[in-house]
Amino acid sequence: MASAESAAQRWEELSRRWAAFRDGMHEFYVGPYRQMFLSEKRSEDDLFMIVVLGEALGVPDPAAFYSAELMPAVWDDFHAWHRRIGIPDSPLDHIACC
Amino acid sequence: MGSLVLMIIGLAMFAAGYMVYSKYLAKRVYKLNENFKTPSHELNDGVDYVPTNKYILWGHHFTSVAGAAPIVGPAIAVIWGWLPAFLWVTLGTVFFAGMHDFGTLWASMRNKGRSIGALSGRYIGKRGANLFLIVIFLLLLMVIAAFAVVIKNLLISTPTSVIPTWGAIVVALLVGVAVYRLRWPLLPVTIVGVVVLYALIVLGNSVPVVLPESTLGMSPATFWIVALFVYGAIASLLPVWVLLQPRDYINGVQLFVGLILLFGSVLLATLFSAVKPDIVAPMFNTDLPAGTPSMVPLLFVTIACGAISGFHGMVSSGTSSKQIDKETDARFVGYFGAVGEGLLSLGTILAVIGGIKSVADWNEIYSSFGAGGVDAFVKGGGALMENGIGLPASLSATVLATMAVLFAATTMDTGMRLLRFVVQEIGETVKLKITKFPATVIVVVVGLGLTFSQGLGGEGGLRIWPLFGTTNQIMASLSLSIIAVMLIRKRRNPLPAIIPLVLVFVLSFWAAIDQLIAFTTPGSQDWLLFALDVIIIFASVWVGVEAVLAMRRAAKEPPEPEHEDAELSAVREDV
């Protein structure tokens, strides 16, 4: 009984170490380029934001009918976005986020 | 037997350096404090500032600083005999590189993770920061030119490495797709990637690729250099996940495998092989080939990385300092990172002095300054691995050549990417917006111009190697002067920084002057290198004067309050 318990403990310890090793490898792979990935993702998000809000910002958008549907998806990030791109107050008249 | 004894002495010196000297630095000089809030916690943004496990961070730090330089430098420098190279690598790592890398990490950590450039502004003055941009531009330019030539030489001298070298690019592309597009787990992908890489080495070994006399109207040397620059330009423009990231990763894994193979071979060959790896190289080479420059000061700039390197300080303060979890981890990451580089250099020295079969062979390889280099590493190391682990000599040589090429190539493409950023930054300061394509074209043209400055064989590339060393050491002395100023301000013992600072500065300045004379000597004039050298000398005088003034100011000012670092304003620095 005791040996079964200790075997289970050993197994647990082993799988914990294995998981740590796997995480370590992942960090070794991703770490040095973390910043580049995030900045690339941010540029993609910026583009998406501009496409979705194009019409509202005054850019004629033939697909506005469709992109308007996506507006709720960008709502949460809108405030942080306009602050980050250097516009201190909301650029949209009908949205007072700050 | 000789190689094993040398290896044991070298390893013992590194171990003593880490266990004794770095402990002294940590306790008495840098006074590491476990409770100090490191930038990774204070400014944690999940991007640049991320508390990282010290072993992982050491891996990142070590693979970022280890390029082809710790192989190229020592492999050329043993021309003066094995003892000077061995001593400079071991003592240099223990008292210079370890202290410098650890110190820059600490200095940056105590300044909210700011880079050496920003620190020079704070401690030495604005002019120091301008100097930094000039030096970094030259350094990167020299890296890409010199490494293109190193790779070209290897591809020509070891034609079996052509398939694995270019095949590694395909492996990296597939690893990138497997991990990011297909979402396969990383570990099996890594194992398969490394196995495929070694399979390519075996394939390359049986199918050597020798280019014909003329390819597209170019000689093999010219063709490879142009091909490498084109590759570097494409690699530096692609999204990082496609090529650079998986390539750096596979190379990191390969670096550890390579180190184990090299040191394991020395041990096994001495213990079990019939052909012992005896040292064939002279202890001091008194019969130097014509044209070899004087050992002092050139030895100290030829072995740049592997003893002390300003580039390490850039990595320490650029990225590593922003990820340190606890201040006490700096000793392991910074000092032991330098030891890792020292190990690679020590392995190189063992390969080039113990792997070659006879004194006559050695003399033939080292027939002129710069002729030995990486080819000697490949030949000597190959023979060593044949004796040690039983790999056929040609296959071992292919393994080592591929290893050296991969290190050089990753440094080259990263260098081209960084140089593009520098060009864009310089453009911004003169109010000129340079987008990435024109910036890359500028980098390629200037790099090719430097490489071909002495002929289409790329002679200009390796000719500048000692200049690379000089520039690199000047950067190191700039970093050391910042550490010295900080220590004086805190009223701690500044000698561990000032002694290496003075030595490195004097030697690199002396080397720069020597080279200046050589570049104007009738028969071997080179006005491009002359101009670069003048800039370097100008910069080094500047550093010297600024640093002395800053140290005098620091000594006169009242001592810095104990908690000043912690109270500095926390400003995030873009990397």
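This structure is a prediction, so every number in the text was calculated from the model and none was measured.

(A) Main features of the UniProt feature "domain: CstA N-terminal" (unreviewed entry) in chain B. According to UniProt, the "domain: CstA N-terminal" (unreviewed entry) feature falls on residues 3-353 and 370-511 of chain B. Along residues 370-511 of chain B, the helical share is 82% and the strand share 0%, with 16 Å between the first and last C-alpha atoms.

(B) Looking closely at a nonpolar patch on the surface. Residues and elements named next belong to chain B. Where nonpolar side chains cluster on the molecular surface, the patch consists of L267, L268, L271, F272 and I389 and spans about 460 Å² of accessible area. Element by element, the count of residues in the nonpolar patch is highest for helix α11 (residues 244-272), at four residues. Turning to its location among the elements, F272 is positioned in helix α11. For F272, a relative accessible area of 65% translates into the label exposed.

(C) Looking closely at the packing of aromatic side chains. The full count for this structure, using the stated rule, is 32 aromatic pairs over all chains. Ring geometry for Y29(A) versus Y249(B): centroids 4.7 Å apart, planes at 80°, classification edge-to-face. Residue Y29(A) is located in helix α1 (residues 2-30), and its partner Y249(B) is located in helix α11; the two belong to separate chains. Assessed through its relative accessible area of 1%, Y29(A) is described here as buried. A relative accessible area of 3% means that Y249(B) is categorised as buried. Seen in terms of ring centroids, F65(A) and Y66(A) are 5.3 Å apart; in terms of plane orientation they differ by 85°. Their pairing is edge-to-face.

(D) Structural detail: the pattern of salt bridges. All names here are of chain B. A complete count under the given rule lists eleven salt bridges over all chains for this structure. When the shortest N-O distance is used, the salt bridge between R110 and E327 registers 2.8 Å. Here R110, found in the loop between α5 (82-109) and α6 (116-123), pairs with E327, found in the loop between α13 (310-318) and α14 (330-354); they are 217 residues apart in sequence, far enough to count as distant. An identical accessibility class is assigned to R110 and E327; each is buried. Note that E560 is salt-bridged to R489, the shortest N-O span being 3.7 Å. In this pair, E560 sits in the loop between α22 (527-556) and α23 (564-567) while R489 sits in helix α20 (residues 465-489), placing the two residues 71 residues apart along the sequence. E560 gets classed as buried once you look at its relative accessible area, which sits at 12%. The class of R489 is buried, set by a relative accessible area of 17%. Each of the salt bridges in this network shares a partner with another, and the network as a whole consists of R489, K490, E557 and E560.

Basis of the calculations
- Residues numbered from 1 in each chain as written.
- Chains lettered and ligands numbered in written order.
- Predicted model: local features only at pLDDT ≥ 70, side-chain atom pairs only at ≥ 80, totals over all residues.
- Heavy atoms only, no water.
- UniProt positions renumbered as here; feature names shortened; annotations may be inferred.
- Helix = DSSP H or I, 4+ residues; strand = E, 2+ residues; numbered from the N terminus.
- Patch = residues over 30% accessible without salt bridge, like charges linked within 9 Å, V, L, I, M, F, W, Y side chains within 5 Å.
- Areas by Shrake-Rupley, 256 points an atom, 1.4 Å probe, with all protein chains shown as cover.
- Salt bridge = Lys/Arg side-chain N within 4 Å of Asp/Glu carboxyl O.
- Buried < 20%, exposed > 50% of the residue type's maximum accessible area, 1.4 Å probe, protein only.
- Phe/Tyr/Trp six-rings, centres within 6.5 Å; stacked < 30°, edge-to-face > 60°.

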